[in-house]
Amino acid sequence: MDKTTFETKNTINGPMHAALKHDSAHKHVTGSAEYIDDIPEPAGTLHGGLGLSDRAHAEILSIDLDAVRTAPGVVAVITADDIPGFNDVASTGQHDEPLLATREVQFHGQPVFAVIAETRDQARRAARLAKIEYRDLPHWADIDGALENDGPLVVQPMTLRRGEPQTEIEKAPLRLQGHMYIGGQEHFYLEGHVALAIPGEDEDIAVWSSTQHPSEVQHMVAHVLGIANHAVTVRTRRMGGGFGGKETQGNQFACLAAIAAKKLGRAVKFRPDRDEDMGVTGKRHDFRVDYDVGFDEDGRIHAVDATYAARCGFSADLSGPVTDRALFHADSSYFYPHVHLTSKPLKTHTVSNTAFRGFGGPQGMVGAERIIEEIAYATGKDPLEIRRLNFYGEPGSGRTTTPYHQEVEDNIVARIVDELEASSDYQARRQAILEFNEQSPVIRKGIALTPVKFGISFTMTAYNQAGALVHVYQDGSIHLNHGGTEMGQGLYVKVAQVVADTFNVDIERVKITATTTGKVPNTSATAASSGSDLNGMAGYDAARQIKERLIDFTMRQWNVERQEVEFLPNRVRIGAEVVPFDTLVRAAYYDRVQLSAAGFYKTPKIHWDRKEGRGHPFYYFAYGAAVSEVSIDTLTGEYQVERTDILHDVGKSLNPAIDIGQVEGGFVQGMGWLTTEELWWDDKGRLRTHAPSTYKIPLASDRPKIFNVKLAEWAENAEPTIGRSKAVGEPPFMLAISVLEALSMAVASVADYRECPRLDTPATPERVLMAVERLKGMG
């Protein structure tokens, strides 16, 4: 086949809904995928290192940087005085997050200055030579410490209320109260944060940033340089993982690189090592949930009153929307007839926490599942029975209103749970486990089936928009660009499939290009599981415009009616004639038909009033369920996940191969959050779990021994999303709650299931062992 022509056959390769491989899969496994640190460096590129505080909270009395400036290889030292614009990288406009500290440091490891040197090693070594004098101030690093110090908040809390919860709790036949600690999580992406800035003429600057939000990096760089957005171009081809950690946290590295590049007139790169990356960037918020629940003898919930307090760190970052989303998911899949939910976004002297897959939703759902578990032990029933009893109902049942007053109109959770219960043989396996535990003195087993209901959309309504740019060239090849970023999740190939499908051509015709603010402006972060929903529709809109122009041209040129024009695989039927797609395109070009279009999409139907705590913040819900079986050693607390079965709803999948991978990966990452990944700060506010030696993500050996994952193939989005698909990025993460609940059952067996073990997370072997010993004492 000639390089400039394309094959014509009766079917196309890679239409929408086809199980296509990731577009960069072969590059990932061969090492040829280009990340920012792989880009050949321009001649004279300099490298940055961070000068970090060694106090959790202190006033800066003096800074002596003479030894830093005279260290080998050092070209410049950047302090707050060198920032030409604003010393602020706060993503929410609260101006509470300085790029470089000046008079006060508010967490151990806060950047105070930056060193620019000929090599990265020289910059890092020189940064350690600073002499800074401090006056220590009171500090606290956790939720309880913040509450003991009058609970300072980083943003205004939110309250959701419906009915008369306090009255109904007191009237209910049964009542329970408790609290739960839910741990945070480090993103631990394969590719750490990195930015490369290259100065241009006038005020121009180009930045390559490992970010989920190129437009925000653009805005922040312009902000700190004191220039207009149009002078800054940000480019991101791919990230080696993001998970929310690169939604705002890349700002500081891009901004420092840009300031140094413009000051020195040379390219500058910042790439912190893993310890510094973990120390200076935010993590998943850990929570304390306090709950008060009224219910009856059957286990039906009457009312819930709960407070979700979060460790937010020293500044707001995204803590407002994260704690809001925790409340949005504090119902999990369950209807609360009367409910009162409150958030407490607490200030702590730790790095400011940020987005992480699920964005507060997982913490909200874990709290809800604890409530279900408590009721199950209080009534002596299988938690699955309590779950099913409290599910949201069908429209008209009077059990469809959420705590934020949105109606659940697309509920399929009961069907998913029923099908998974049957396909996993849950009931027989649970009975076998109960019998096993009676006979086994040391090894105990547990099993749990937990559901997922996750709202899809940014809760900030304005973010629910996307743009795309599509060019069709004379040879029939297609250039695609959009505002979404690729972090390994397969967004690029999905949108390419949409565009190829619209023209009915092979996906090989579609060139996937790097996300850049110079092509599609004012984009939202690739977050909130909305990448495919938003950018897929924007790509479709752009392709549709060009397709309509081609149809109009064809009708005019061939003198046919619209119904006589049909896009066949890689060709077009025009009346009785069939012409190759590229032939039609070339003819359209010579007739001066515009073959480029900017597409746009905004999510319909959504609105939200935070002050009133009511609205329609989610376009739809994604559903799923998982059954996990575990075994624990009651002498050591060690455990294994023996088997997991998952049935998950992605609507009509845009790409089943990609989506199954997302479900599997999300589950394992969620399992790590709930079991092995523990963040720990010492009494001086120092993060001590800052490297793989002390922070334990799941290994391949930790995955379930038997791992069965299926998509609900019958599911189809009731809303007119792209291809009737549903989001898949975040919802599967919460499937891992089944592992925590199964561990809880195994622990409860040592006290004959009379007491709820009340496992906090992460449920490390140490915590499991302590819970076993505590319950043995109750026996």
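Residues numbered from 1 in each chain as written. Predicted model: local features only at pLDDT ≥ 70, side-chain atom pairs only at ≥ 80, totals over all residues. Heavy atoms only, no water.

Visitor: Talk me through the sheet that holds strand S27 (residues 620-633); I want residue IDs and the actual numbers.
Guide: With mixed pairing, four strands are arranged side by side in an open sheet as S16-S27-S28-S29. Looking at the sheet topology across the chains shown, the edges are occupied by strand S16 (443-456) and strand S29 (706-711). Geometrically, the sheet is characterised by an average inter-axis angle of 15° between neighbouring strands, direction not taken into account. (Pairing = 2+ DSSP bridges. Helix = DSSP H or I, 4+ residues; strand = E, 2+ residues; numbered from the N terminus. Axes fitted to C-alpha atoms, helices over the stretch in contact; angles between N-to-C directions.)

Visitor: Any chance you could break down the environment of Asn522 for me, citing the residues and the numbers?
Guide: Turning to its location among the elements, Asn522 is positioned in the loop between strand S20 (515-516) and helix H15 (531-558). With 56 residues separating them in the primary sequence, Asn522 and Ala466 have C-alpha atoms 8.3 Å apart.

Visitor: Can you explain the packing of aromatic side chains? Please cite residues and give values.
Guide: Summed over all chains, the structure comprises 18 aromatic pairs. Taking the centre distance of 5.6 Å and the plane angle of 85° together, the rings of Phe458 and Tyr463 count as edge-to-face. The class of Tyr463 is partly exposed, set by a relative accessible area of 38%. Each member of the aromatic cluster is reached from another via a ring pair, and the members are Phe328, Tyr404, Trp608, Phe618, Phe621 and Tyr623. Of note, Lys246 hangs over the ring of Tyr189, and the distance from its end group to the ring centre comes to 4.5 Å. In this structure, Arg415 is placed above the aromatic ring of Trp714, and the distance from its NZ or CZ to the ring centre is 3.6 Å. (Phe/Tyr/Trp six-rings, centres within 6.5 Å; stacked < 30°, edge-to-face > 60°. Buried < 20%, exposed > 50% of the residue type's maximum accessible area, 1.4 Å probe, protein only. Lys NZ or Arg CZ within 6 Å of the ring centre and 35° of its normal.)

Visitor: Give a detailed account of the pattern of salt bridges, specifying residues and quantitative values.
Guide: Opposite charge on two side chains makes pairing possible when the charged atoms of those side chains draw close. All chains considered together, the criterion is met by 46 salt bridges. Here Arg271 ties to Asp37 by a salt bridge, and the two come within 3.0 Å at their closest N and O atoms. Remark: Asp37 occurs in the loop between helix H1 (25-30) and strand S1 (46-52) and Arg271 occurs in the loop between strand S12 (268-270) and helix H8 (274-280); sequence separation between them is 234 residues. Ionic pairing is found between Arg688 and Asp682, a salt bridge with its closest N-O pair at 2.9 Å. The partly exposed category is assigned to Arg688, whose relative accessible area is 35%. Each of the salt bridges in this network shares a partner with another, and the network as a whole consists of Asp37, Glu41, Lys269 and Arg271. (Salt bridge = Lys/Arg side-chain N within 4 Å of Asp/Glu carboxyl O.)

Visitor: Describe the side chain of Glu741, listing the residues and the values that go with them.
Guide: Structurally, Glu741 can be placed in helix H18 (residues 737-748). What Glu741 contacts, discounting residues up to four positions off in sequence, is Glu369, Glu373, Arg387, Ala448 and Thr450. (Contact = heavy atoms within 4.5 Å.)

Visitor: Before we move on, can you summarise the layout of surface pockets with the specific residues and values?
Guide: Considering only enclosed or pocket space, the second largest pocket measures out at about 640 Å³ in volume. What lines the second largest pocket is a set of 28 residues, among which Asp23, Lys27, Arg237, Lys511 and Ile512 lie closest to the centre. For the lining of the second largest pocket, the secondary-structure elements that each account for two or more residues are H1, strand S10 (205-209), strand S11 (232-236), helix H14 (491-503) and strand S19 (510-512). The biggest single contributor to the lining of the second largest pocket is S19, with three residues. (1 Å grid on protein atoms, 1.4 Å probe; cavity = no way out; pocket = protein on both sides within 12 Å on 5 of 7 lines; lining within 4 Å. Points joined across faces, edges and corners; volume = space filled by probe spheres on them.)

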